[in-house]
There are 2 protein chains.
Amino acid sequence: MYNIKKYICGSPFETNAVAENIAVSDKLPCYINISENDRVITYAMGKEDKVYGLGEAVRGINKRGWIYETYCSDDPMHTETKRSLYGAHPFIIVDGEKLFGLFVDYPDKVTFDIGYSDIDTLTVTVKSADCCLYIIEGEALTDIVKGFRRLIGKSYVAPYWAFGFQQSRWSYYTSKDVQSVIDGYRTNGMPIDAVYLDIDYMDGFRDFTVSDERFPNFKEFVRSAKSQHIHLVPIIDAGVKCDDSYSVYTEGRDNGYFCKDKDGNDFIAAVWPGKVCFPDFLNAEAARWFGMKYKTLTDMGIDGFWNDMNEPAIFYSERQLDKAIGKIAAYRGKNLGVYDYFGLKDTVLGLSNSAGDYSSMYHNVNGEIVCHDRVHNLYGFNMTKAAADAFVEIAPDRNILLFSRASYIGMHRYSGIWTGDNQSWWSHIKLNLQMLPSLNMCGFLYTGADLSGFGDNATEELALRWLALGIFNPLMRNHSALGTKDQEYFRYKNKDIFGNLLKVRYALIPFLYSEYRRAIEDDDLMFRPLAFVYRGDKLAEACEDQLIVGDSVMIAPVYEPNALGRYVYLPENMMMVRFKSDREYECESMAKGHHFVEIPTCEAVIFIREGKALPIVKAAANTDEIDLNTISFITNNDGGEYVLITEADKRTIKYRSTGEVYV
Amino acid sequence: MYNIKKYICGSPFETNAVAENIAVSDKLPCYINISENDRVITYAMGKEDKVYGLGEAVRGINKRGWIYETYCSDDPMHTETKRSLYGAHPFIIVDGEKLFGLFVDYPDKVTFDIGYSDIDTLTVTVKSADCCLYIIEGEALTDIVKGFRRLIGKSYVAPYWAFGFQQSRWSYYTSKDVQSVIDGYRTNGMPIDAVYLDIDYMDGFRDFTVSDERFPNFKEFVRSAKSQHIHLVPIIDAGVKCDDSYSVYTEGRDNGYFCKDKDGNDFIAAVWPGKVCFPDFLNAEAARWFGMKYKTLTDMGIDGFWNDMNEPAIFYSERQLDKAIGKIAAYRGKNLGVYDYFGLKDTVLGLSNSAGDYSSMYHNVNGEIVCHDRVHNLYGFNMTKAAADAFVEIAPDRNILLFSRASYIGMHRYSGIWTGDNQSWWSHIKLNLQMLPSLNMCGFLYTGADLSGFGDNATEELALRWLALGIFNPLMRNHSALGTKDQEYFRYKNKDIFGNLLKVRYALIPFLYSEYRRAIEDDDLMFRPLAFVYRGDKLAEACEDQLIVGDSVMIAPVYEPNALGRYVYLPENMMMVRFKSDREYECESMAKGHHFVEIPTCEAVIFIREGKALPIVKAAANTDEIDLNTISFITNNDGGEYVLITEADKRTIKYRSTGEVYV
């Protein structure tokens, strides 16, 4: 159904993105032009060609019409003209006169100019001609995805509880704060499975420590939360605080486990704790050492982690800051012109995540000294792999939740990702939807955006509308930044509506988890653009705000303020289901074609495809208490079978047209 | 049809926003609550209440669901959560269980919390209780608008040529650059009427000077451009360069015409030229002096100006910069923690447009010393009024084009506004559309957004889609920032399409100008939300992306990338017209209801209401050459009459159902 060609340019760095051995071809397909010493790939796009992929990136499902750079970037302002976000996923599918996938396996920046400079030309540029190119050809879009996904290996399997609703904030400062969040949900009858610990749970931002003062007797607190069916998920940052009294630092320093500067001294930069060193995750020994540190927390009962700041984010380095401060001090008393003033501003803004710092940082890869520049996109990947590898040893009997901010293709085998520091913007509801299939193409199935938005302030209406989409995010987390309005769902005036929508999530968890596991098993998408399902239907192919979930359901969330509802395109006859709560819903048959659907904020609306059915259960307060015996089906067929995949097994469930289950 | 109540709190500063004398009431309507010493106005909104107005602001036509501050702000990142833009327009219309307009005539910041803090409450807060409140009641939305507009006086009448297409860039550096832009349009048969001169035309950013080197023999150049039917439109900035050899500065200084600091010395800040003083436009004598300076340019044949940086924008003041640099220098060699680092960043970013600077600046208002803080929103207004007042003297026989970046209600009597430094974002196409009616409500009829976007890079597809809306902007200007991709329309691959769409504009100019003038005459909107026309039709009331232009036409532009077309709601039967060029179009009758309309990038699609008709002319290379004898009508009726208002007269034109005109 597909074939893959591998083409090697120069001497590529081994990224471990690919899990399967492929014979090397000496020729690219004739429609792909490669020039400038293998650095520039061009393809003449047809007027109607569409381009999919790129995983975590701004803009639509069809990526045409912009220029993107795959380069792990700590930048929270995801406006539509940004070129890079936190993840680097250099895989695209070109769908038009030719149909093919292109994976540029290269750990430094890759530029994808998709009709930006010239409206009809795709140009892919690597910085140096040391990369592996993979061309995947097939008959259908799904073939390309399957071929690519088989190439890069099976995706990470998250635990079942990680499909429960999760609440986060930067920060819940004390165990009391955390407990009051748990209580807020529980006393209002709103289901929840996890609460997050952002950077302030630590002792002075030191990884693998817990503030004794604010989280006394942490092990007992973790146990107590677990007894309430709540998982606590602490953050781990990439940088290790320089502090002679902190063993993680001294061990790393004494063993030479940190990244170096050009003179072989530890490379020092500043992040949350002030000065830090960066563990050299590309050094196998250092990676193993850091990975084993998670044991401190798993031993206390922790069974979920999020790895952050691992692009790596750098606020500044000493060297750059000194230079900057010197430069600024020299402005004293001067009559600054416009360009000096801009220079001053740029000097300060340019301190963070600077190319100069990245090119001053070195890794030790099996004895070879490698400049960070060359391998930038592998840093977060290898931090996360280090943790995942360690979990096999330190928690062999537990499936640990793990996801990361920075990522590269290949990391999908070890963890999920969240889509980083988004904003409480309506446009980011749509972006959340649009990224899901793109991320799936690149292997990231356990993923989601921060619901209600991380930065800026969320209004109640935005929170409700985002939640109606959030119900479908595998990683369903509400998270917000320091200084923003509280956005826990129980704090709102209409908390009953939030509670009801959360119950819809819990009714759908067995289905969502099952479809998630099936997508892993089949190397397939869990979220499909309509273009992947209704090929040849040009309206479906152009649809940018609806998705097929699994095989049976279409979603079409509202992402505009003050909306009465929205337009929905049905590429076939479907049955609309208006969920008001887990067991309160109305069904309506609808004909293929265009519809304006009124959707009040208290409803989550979905569409069941013809001949399909949706399994639901009775909502519970948490995933532990979901009772699969309450399963029934909302059917748009005459009954049938559904293969339900759980964490433990796979079972075939038979149902009648009424939705009732029988043996 | 309407009644207005005026209510005075404390001792308001006379803003001159209002042009009509109204008796003072001692009581507000009972549904409006006023508390905290007249500082806080609250209103309990019904679930379905809509709120219109606020002129230049982010988000939708219905402003509900956000918090806004009317405060002239130099901020080019118009993301959806910004509270203030360049203009300050504290007028809203509440449409629901009650229908009323509220104008808070107050020249400092007014906060409109429209269901942001509490989803059901409107809260309006002024900083000190010294304001005039006007409540306008009426039967219909249009009554409220007419009542308010009559209160604030007739809007500025722009010259006919200012409805031609205008090209700008920061900057065309030389007269040769300008000529090549003119040639680019002319040789490609693309109509154009004006080219802009951004800050670099000046001699070292000195107002009312022209660089001899880059624009030698400027008067002759202006004449030559005029002979090509091109108007040159120079920028004038608020700040006057401190330079002892520059007469504008020395005159201003010697006569005490500049704003002062608290000790009575000239307040010095830095903007484009480095150090500047700000003319005290609230001082009548200073205003007149500055206004008369425009004569330097009008004498050279200039007949259009844009006033910029008049919030006033301040890059930094000496005092604040010294403090900031001192603070930063003190960081030298320190191990900065997170909050120090943020402090450093904020110190630099906080230099511009700081509250501290605004509160250190003083005006002389008829002998009274007034802190800038109290009158901030009147600065740009009075700069622009100074120019308009002077034009009456210095160019009595010419109608000078004038528009401004900063504004307050009242300024609409003297000039237009553009909506400031937007971005090449798809979302800003929609924002352009949504601001038009809001601005109209506040009196600003000659207005428009920078087509293709000012900041960031425009793609060809974005430029085309924006142009299809831009055709309807009264101020139709393509403008872009330093460092961005060239975006003159003749530079694109498909320049023929751009040319054709420009011709559609020129075919519509007599209609657009006529509707513009009619809106002025009738104190009415030129651009109406559907809610204003189809009251009671809840789909129309919720429509955020279609407008009625004048009385006869509905527009519904595409504002998404890679779109096949868009959904359009027809609140009545209409006739769709697909314009491919000025005289190449197709008509199709369409029934009331929802439609998905395919719209290729080469088309501008409009809808003619039932019983109405649209006058068009043959496009010309410029407005001078538009021949009204080529007028005909696209009719959706059996023929009728149209009152065409031109710059010179008003004439009734009779047309048959065929569109043919007869006497």
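Residues numbered from 1 in each chain as written. Chains lettered and ligands numbered in written order. Predicted model: local features only at pLDDT ≥ 70, side-chain atom pairs only at ≥ 80, totals over all residues. Heavy atoms only, no water.

## A closer look at the overall build of chain A
Next, step 1: Counting its regular elements, chain A contains 16 helices and 39 strands.
Next, step 2: For 663 residues, the compact-globule estimate of 2.2 N^0.38 gives 26 Å, and the C-alpha radius of gyration of chain A, at 25 Å, lies within 12% of that figure.
Next, step 3: Taking the principal axes of the C-alpha coordinates as reference, chain A spans close to 75 × 65 × 55 Å.
Next, step 4: Pairs at least 24 residues apart make up 72% of the contacts formed inside chain A by residues separated by at least 6 positions.
Next, step 5: For chain A, the separation between the mean place of its 71 positive charges and that of its 92 negative charges on side chains is 1 Å. (Helix = DSSP H or I, 4+ residues; strand = E, 2+ residues; numbered from the N terminus. Rg over C-alpha atoms; globule rule 2.2 N^0.38 Å. Contact = heavy atoms within 4.5 Å. Lys, Arg positive; Asp, Glu negative; His and termini not counted. Charge placed at Lys NZ, Arg CZ, Asp CG, Glu CD.)

## Some words on the packing of aromatic side chains
Next, step 1: According to the stated counting rule, one finds 109 aromatic pairs over all chains in the structure shown.
Next, step 2: We note A:Lys109 situated over the ring of A:Tyr71; from NZ or CZ to the ring centre the distance is 4.8 Å.
Next, step 3: A cation over an aromatic ring shows up here: B:Arg477 above the ring of B:Trp306, its NZ or CZ 4.3 Å from the ring centre. (Phe/Tyr/Trp six-rings, centres within 6.5 Å; stacked < 30°, edge-to-face > 60°. Lys NZ or Arg CZ within 6 Å of the ring centre and 35° of its normal.)

## Considerations on the interface of chain B and chain A
Next, step 1: Contact with chain B, which involves 71 residues of that partner, is made by 71 residues of chain A.
Next, step 2: Here chain B and chain A share an interface that buries about 6,200 Å² over both sides, 59% of which is from carbon and sulfur atoms.
Next, step 3: When the buried surface of chain B facing chain A is broken down by residue, B:Tyr341, B:Asn562 and B:Tyr567 rank first, second and third, together holding 11% of it.
Next, step 4: For the pair chain B and chain A, the interface holds eight salt bridges.
Next, step 5: For B:Asp120, the salt bridge identified is with A:Lys493, shortest N-O distance 2.9 Å.
Next, step 6: The tally of links from chain B across to chain A stands at 28 residue pairs in polar contact (both at pLDDT 80 or more).
Next, step 7: Sorting the residues of the side of chain B that touches chain A by element identifies strand E17 (274–277), helix H7 (318–329), helix H8 (338–349), helix H12 (427–441), helix H13 (460–470), helix H16 (538–541), strand E31 (565–570) and strand E34 (593–598) of chain B as the ones contributing at least two each.
Next, step 8: Per element, the largest residue contribution to the side of chain B that touches chain A is eight residues, and it comes from H8(B).
Next, step 9: Grouping the constituent residues of the side of chain B that touches chain A by class yields 34 nonpolar, 18 polar and 19 charged. (Buried area = accessible area lost by both parts, 1.4 Å probe. Salt bridge = Lys/Arg side-chain N within 4 Å of Asp/Glu carboxyl O. Polar contact = N/O pair within 3.5 Å; in protein donor to acceptor, adjacent residues only side chain to side chain. Nonpolar A, V, L, I, M, F, W, Y, C, P; charged D, E, K, R; others polar.)

## Concerning the sheet that holds strand E10 (residues 121–126) of chain A
Residues and elements named next belong to chain A.
Next, step 1: Strand order in the open sheet formed by five strands is E2-E3-E10-E9-E5, and the pairing between neighbours is antiparallel. In this open sheet, the two edge strands, each paired with only one partner strand, are strand E2 (33–35) and strand E5 (66–70). Pairwise comparison of adjacent strand axes, ignoring direction, gives a mean angle of 15° for this sheet.
Next, step 2: Note that strand E9 (residues 110–114) and E10 share five bridges and pair antiparallel. Paired with aspartate 113 across the strands is threonine 123, a residue of E10. (Pairing = 2+ DSSP bridges. Axes fitted to C-alpha atoms, helices over the stretch in contact; angles between N-to-C directions.)

## Quick word on the pattern of salt bridges
Next, step 1: Applying the stated rule across the entire model yields 90 salt bridges over all chains.
Next, step 2: Where A:Glu603 meets A:Lys580, a salt bridge forms, and the shortest distance between an N and an O atom there is 2.9 Å. You can see A:Glu603 sitting in the loop between strand E33 (593–598) and strand E34 (604–609) and its partner A:Lys580 sitting in the loop between strand E31 (574–579) and strand E32 (585–590), a full 23 residues away along the chain.
Next, step 3: Residue A:Glu603 is classed as buried on the basis of its relative accessible area, which comes to 6%.
Next, step 4: Across the salt bridge formed by B:Arg491 and B:Glu488, the nearest N and O atoms sit 2.5 Å from each other.
Next, step 5: Given a relative accessible area of 42%, B:Arg491 falls into the partly exposed group. (Buried < 20%, exposed > 50% of the residue type's maximum accessible area, 1.4 Å probe, protein only.)

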